[in-house]
Every structure is written in structure tokens, then in C-alpha cells.
Amino acid sequence: MLLGILVVLCFIPTADVTENKILVDQSPLLTVAHKNATVVCNYTYNGTGKEFRASLHKGTDRAVEVCFILWNTTKISSNSNKEFNCEGIHDKDKVIFNLWNMSVNQTDIYFCKIEAMYPPPYVYNEKSNGTVIHVKETPMQIQEPQSPIPLWTMVAVTGVLAFYSMLVTAAFINYWKSKKNLYHQSDYMNMTPRHPPYQKNKGYPSYAPTRDYTAYRSWQP
């Protein structure tokens, strides 16, 4: 009889501890190449809690709370540390923490903490192994040298420019010659001498020599 009572007393507390215990499982390592990371906190809980709080902590001492999420049967709310871009999402038996725009100095180990807030008893998970988030530096983009211009392209461009220059030169010379001919035609003057009209009635000698008609007279004895 006494032995049976002792056996029952031994199993009662064990059942309570097992029922209210929260176990968390995390991926051990995340390598971040594009400044974004997702930490998945899988948990198991067999208690009667209805309101929960899950949080993500940075560092081996969990000194920095990155962000947290509260939820119950009807409402979910989330909040983040000002130094982080973080959002928590509850999905059945796991909590997902999405982080973005992470910097290299945020490389560290991160722990999930899940608490059963209400109704009592208050329960939270034991310290898990955590997830190491390694944020890599973004490599600098080096511009590839541009391929040199093919030789035939340079020759073609040079030929076109030379042909165009010849056309312009020929057009200029033709225009200059036409302007020169027009200038000489406008400056031509008739240099043939003319008798002034006022010399006809004056005693000036004519330009033609005066013919002697006495030689044509007949001889008279």
C-alpha cells in the first residue's frame, strides 16, 4: 500500500513538468550573403497556455532583445529593436523571425525564447543551442573593362569623316569661285573713247585727219 502511494507521488510532478515544458529547436548556422536572414524557432508545448510571447536575443548572454511577438487565440502583435530590422511571425508550432538589411557587425549567435504568459503557470523554454548568423560583406562590383573598338569600325568611321570633309571642301571652293566671277562681272567698264557731244560745234580738230581736195582739181593753164 505504501509502496503504491510513493510510486504515484513520483509520477505526479513528472507529469506536470512534462506538460508545461517548452522545447525549442533552431538551425545551428545561417550564412547571410545578401543582408537578409530568417531564423526559424520550432517549439513543442503541451501545456494549457493561451497567451504567448516569443523573442529573439543576440549574444551569448542574450543581453540584446532583437524583436518579439505576442499572440493569443485572436490577436498577434510584433515589435522590433531600433537597431534591427526584424519582424516575427507565428505559424502553428513555430515562430519565424525575418531580419533584413543586416550589417557585418551584427554577426553573432541568436537565441529564441518562447514564453507561456497566461494562464498560470508561467513557463519558458530552456536555453537552446542558438543560431549563428554570419553576415558576409557585400563584394564591391568591379566594372569589367570594355572591349576595344574593332579596327574595321575605326577605319569605316575615319573613311566616312574624310569623305564628308572632302564634300564640304569642294562645296566651299565652288561657292568661292562663283562669288569671284560675279564680282568681276559687276566691275567691268567699257573703255572705248567717245566724242563728247559738246565738241561738235567747236573748233576742235576732229579725230580723223582732214583730206586735201586740191589734189583732185583739174589743172588750168
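Residues numbered from 1 in each chain as written. Predicted model: local features only at pLDDT ≥ 70, side-chain atom pairs only at ≥ 80, totals over all residues. Heavy atoms only, no water.

1. Quick look at the state of the cysteines
Here, the word disulfide means a covalent bond between the sulfur atoms of two cysteines. Under the counting rule described, the total for this entry stands at two disulfides. In this model Cys41 forms its disulfide with Cys112; the gap between the sulfur atoms is 1.6 Å. Here the S-S torsion is close to -45°, and the disulfide linking Cys41 with Cys112 is therefore left-handed. Separated by 71 residues along the polypeptide, Cys41 in strand S3 (residues 37-45) and Cys112 in strand S9 (residues 108-118) bring together distant segments of the chain. (Disulfide = S-S within 2.5 Å. Helix = DSSP H or I, 4+ residues; strand = E, 2+ residues; numbered from the N terminus.)

2. Focus on the side chain of Gln106
With respect to the secondary-structure elements, Gln106 resides in the loop between strand S8 (94-99) and S9. The buried category is assigned to Gln106, whose relative accessible area is 11%. (Buried < 20%, exposed > 50% of the residue type's maximum accessible area, 1.4 Å probe, protein only.)

3. A closer look at the confidence of the model for the chain
Confidence in the prediction of the chain, expressed as mean pLDDT, is 77, and 67% of residues score 70 or more. Scored below 50 in pLDDT, residues 1-17 shows zero contacts in the model against residues more than four places distant or in partner chains. (pLDDT = per-residue confidence, 0-100. Contact = heavy atoms within 4.5 Å.)

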